[in-house]
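Descriptive structure summary
The residues making up each chain are set out below.
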Amino acid sequence: MIHRFEDFELDPQLRELRKDGSAVDMEPQVFDLLLYLVQNAEHVVGKDELFEHVWVGRIVSDSTLSSRINAARRVLGDDGSQQRLIRTTPRRGFRFAGEVSTAENAAATENAAATASPGPVERQDRRDIATFGLPPLPRIAVVPFKSLGDEAECGAIADGFREDLAAALSQLENLSITHVAPNDGGRATDRAVESRGSDGDLLQATHIITGSIRLSGNRIRITAQLLDPMTDNQLWADKFDGSLGNVFEFLDDIVDTVVTALEVRLSDGEQVRSWRNEAGTAKAYEHFIRGRAAYKEYSRAGNVRARTGYQAAVEKSPEFKSAMVGLARTHIGDATFSWSNDRAASLSEARRLITATLEIAPDHAPAHFELAHILMLEGEFEAAHREAKRSTEIDPNSGEAYCVLAYVLGCLGRHEDAIGATKRSIQLNPSVPEYYLIPLAEAYIALSRYSEAKSILEQLEARRPDWIMSCALSAILFVCIGQPDTARTYIDRIVLRDPNFTVEKWRGYIFYPTRPDVPELVEKLVAAGLPRN
């Protein structure tokens with residue numbers, strides 16, 4: 001069913017907004033919001049109703065809703081002053097004010113009929129994972145640090161530190177940075193934080209980082225804290241003392257420590273507490289989080305730095321189980337992405353580390369699901385399934401364990417079960433790392449549920465436009481729905497990132513080498529233009 005208003009068409013099946021026949025770029029979550037408003041144009045939609053249907057009951061802030069409403073208005077050429085199409089009803093919610101007509105999407109209906117499997121019609125559920133938008137990227141407002149001391153000297157250091165911190169944070173994947181006001185001895189800090197309900201930058205921020213710098217003789221103390229702008233809660237804080245004589249090296253160390261701590265704090269939450277306890281020593285924990293931050297770059301260079309960090313953590317604390325598993329992951333990464341010259345040796349070393357971990361702690365869930373990773377890469381899918389299931393039994397609250405289970409189920413061709421496992425992983429980990437959605441997109445494609453696969457891949461594309469895994473799946477999808485030219489654009493993205501990428505290299509990615517549906521997927525990639533060798 002296509003919804004038409006003014007010179008726009010809103011197509012739910014293709015998940016497109018078109019203006020005068022041309023597609024308009026918009027984020028998937030903004031599309032979901034606009035679609036729900038249009039479908040319910042006969043009444044005012046309250047914010048709780050939007051949270052329930054667009055965010056599927058996930059807890060999000062009012063500022064997140066406001067930013068999505070503003071984005072929907074922008075793509076329609078509307079704004080908060082005109083409110084031509086999206087109107088705000090004070091204290092009640094929002095209403096779509098355009099005159100809407102509907103028409104059947106004949107092409108989509110024909111395609112659906114051609115690809116439908118025999119059997120009962122599947123019930124459409126608003127809570128299906130295709131309606132889950134990936135959460136907005138964390139947006140940190142870097143507020144000026146207060147100068148506690150000589151205003152000229154201290155203010156200059158504070159400004160430099162803030163600039164360095166913002167620059168370092170901006171290098172983190174899946175994070176955006178905004179600056180707030182120039183430094184004026186800390187007065188801007190107070191005004192910015194006090195007025196965050198009206199300040200445009202702070203209104204959009206999911207987190208605020210601020211603090212103070214104090215000079216005393218030849219000593220300097222820097223405090224830093226991470227705040228939730230909606231609740232005033234302090235999420236993280238630390239202080240650092242050093243000599244003014246080596247202030248620049250000191251600031252570099254602080255920036256590195258703060259960035260690593262924030263990266264872990266923003267992505268891993270309460271897991272940090274157990275890592276600290278398990279590490280035993282502060283130094284082992286520090287090496288561990290540096291290794292983890294490097295690993296999450298998902299690059300060859302990052303993998304090397306991660307191994308250095310994890311190895312140092314294990315040397316400081318020989319029974320630091322999470323560091324041992326992390327070290328094993330770096331060898332799994334080498335085998336998965338052909339970062340080593342000897343794939344078998346990489347898997348052997350990973351297995352040695354996992355075996356050593358399980359000897360220390362037989363019920364360590366991460367060790368079991370990483371063993372499942374190794375077994376998948378070796379083509380032992382039934383054994384991998386047993387290990388993945390074991391990890392979910394040990395820790396039924398682990399989103400990661402259910403994610404691995406979803407990958408294994410996909411390898412076994414149990415696509416409906418893979419969808420269920422992915423949904424469970426997302427319920428347990430609402431931050432939704434991108435790799436959680438890969439088995440979901442694969443399952444939807446395998447089941448010819450192309451519109452749902454397209455929705456998931458659009459969300460992945462919004463996060464990581466040149467990610468090889470999602471680009472390859474998008475190419476496969478568009479070959480499946482008869483759009484080879486669009487499929488070719490995704491192959492071009494892959495080749496731009498890796499000119500030597502081929503079908504054989506793709507087969508080595510993740511868990512594909514001996515997966516049963518590989519031959520069929522290979523032919524689709526070749527049809528999209530990816531070289532075989």
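Owing to the predicted nature of the structure, the values given are computational and were not obtained by experimental measurement. (Residues numbered from 1 in each chain as written. Predicted model: local features only at pLDDT ≥ 70, side-chain atom pairs only at ≥ 80, totals over all residues. Heavy atoms only, no water.)

Let us now look at the nonpolar core. Of all hydrophobic cores here, the largest spans 87 residues; its most connected members are Phe288, Ile354, Met376, Trp506 and Leu525. Setting aside its immediate chain neighbours within four residues, Phe288 contacts Trp275, Gly309, Tyr310, Ala313, Phe320, Ser322 and Ala323. Within the second largest apolar cluster, 26 residues are counted, among which are Leu17, Leu50, Phe51 and Leu76. (Core = buried A, V, L, I, M, F, W, Y, C linked by side-chain atoms within 4.5 Å. Buried < 20%, exposed > 50% of the residue type's maximum accessible area, 1.4 Å probe, protein only. Contact = heavy atoms within 4.5 Å.)

Mapping Trp467 onto the fold places it in the loop between helix 19 (450-463) and helix 20 (468-480). Note: C-alpha distance between Trp467 and Ile494 (27 residues apart in sequence) is 7.7 Å. Those residues within four positions of Trp467 in sequence are excluded, and the remaining contacts are Glu434, Tyr435, Ile438, Leu460 and Arg497. (Helix = DSSP H or I, 4+ residues; strand = E, 2+ residues; numbered from the N terminus.)

On inspection of all chains with the given rule, the structure shows 24 salt bridges. Here Glu370 ties to Arg329 by a salt bridge, and the two come within 2.4 Å at their closest N and O atoms. Placement of the pair is Glu370 in helix 14 (residues 365-377) and Arg329 in helix 12 (residues 321-336), with a sequence separation of 41 residues. Owing to a relative accessible area of 2%, Glu370 belongs among the buried residues under this scheme. Here Asp417 makes a salt bridge to Arg414, at a shortest N to O gap of 3.0 Å. Through salt bridges that share partners, Arg4, Glu9, Asp11, Glu16 and Arg18 make up one connected network. (Salt bridge = Lys/Arg side-chain N within 4 Å of Asp/Glu carboxyl O.)

Before going further, it helps to spend a moment on the pairing of strand 6 (residues 93-96). Sheet analysis places strand 5 (residues 86-89) next to strand 6, joined by four bridges and oriented antiparallel. Following the sheet pairing, Ile86 is matched in strand 6 by Phe96. Between strand 5 and strand 6, which pair antiparallel one after the other, the connecting turn spans three residues, and Arg91 there sits at a positive phi close to 65°. (Pairing = 2+ DSSP bridges.)

This next bit is on the packing of aromatic side chains. The geometry of an aromatic ring pair is captured by the separation of the ring centres together with the interplanar angle, meaning the angle of the planes. Summed over all chains, the structure comprises seven aromatic pairs. Chaining the aromatic ring pairs together yields one cluster made of Phe5, Phe8 and Phe96. Looking at Arg424, its charged tip hangs above the ring of Tyr402, at a distance of 5.9 Å from the centre. (Phe/Tyr/Trp six-rings, centres within 6.5 Å; stacked < 30°, edge-to-face > 60°. Lys NZ or Arg CZ within 6 Å of the ring centre and 35° of its normal.)

Here the focus is helix 14. Spanning 13 residues, helix 14 covers 19 Å between terminal C-alpha atoms, matching the ideal 18 Å at 1.5 Å per step. Across the 13 residues that make up helix 14, a large majority, 12, are buried. Buried within helix 14 are the following residues: Ala365, Ala367, His368, Phe369, Glu370, Leu371, Ala372, His373, Ile374, Leu375, Met376 and Leu377. Among the structural elements, helix 12, helix 13 (343-360), helix 15 (381-394) and helix 16 (399-411) are those in contact with the buried residues of helix 14. Gly379 occupies a position one or two residues after helix 14 and carries a positive phi of about 80°. (Expected span 1.5 Å × (residues − 1).)

This part takes up the environment of Lys524. Looking at where Lys524 falls in the secondary structure, it is placed in helix 23 (residues 518-528). Along the sequence, Lys524 and Ala472 sit 52 residues apart, while their C-alpha atoms lie 9.7 Å from each other. With residues up to four places along the chain from it excluded, the contact list for Lys524 reads Ile476, Val479 and Cys480.

Turning to helix 16, a few remarks are in order. With 13 residues, helix 16 ought to run about 18 Å at 1.5 Å a step, and its terminal C-alpha atoms sit 19 Å apart, in line with that. Within helix 16, 13 of the 13 residues are buried, which leaves the element mostly enclosed by the surrounding structure. Looking at the residues trailing helix 16, positive phi occurs at Gly413, about 80°.

Two elements in contact, helix 17 (residues 415-428) and helix 18 (residues 438-446), have axes separated by 9 Å at closest approach and are oriented at 150°. It follows from the interaxial angle that helix 17 and helix 18 lie roughly antiparallel. Crossing of helix 17 against helix 18: the hand is left-handed. Taking contact as the criterion, the partners of His415, Ala418, Ile419 and Thr422 in helix 17 are, on helix 18, Pro439, Leu440, Ala443, Tyr444 and Ala446. The residue inventory of the contact of helix 17 with helix 18, partitioned by class, reads seven nonpolar, two polar and no charged. (Axes fitted to C-alpha atoms, helices over the stretch in contact; angles between N-to-C directions. Parallel < 35°, antiparallel > 145°, perpendicular 65-115°, else oblique. Left-handed = near helix turned anticlockwise from the far one by under 90°. Nonpolar A, V, L, I, M, F, W, Y, C, P; charged D, E, K, R; others polar.)

Put simply, the protein has an average pLDDT of 79, and 76% of its residues get 70 or more. Scored below 50 in pLDDT, residues 106-131 makes 30 contacts in the model with residues more than four places away or belonging to other chains. The low-confidence segment residues 181-201, where pLDDT is below 50, has 41 contacts with residues more than four positions distant or belonging to other chains. (pLDDT = per-residue confidence, 0-100.)

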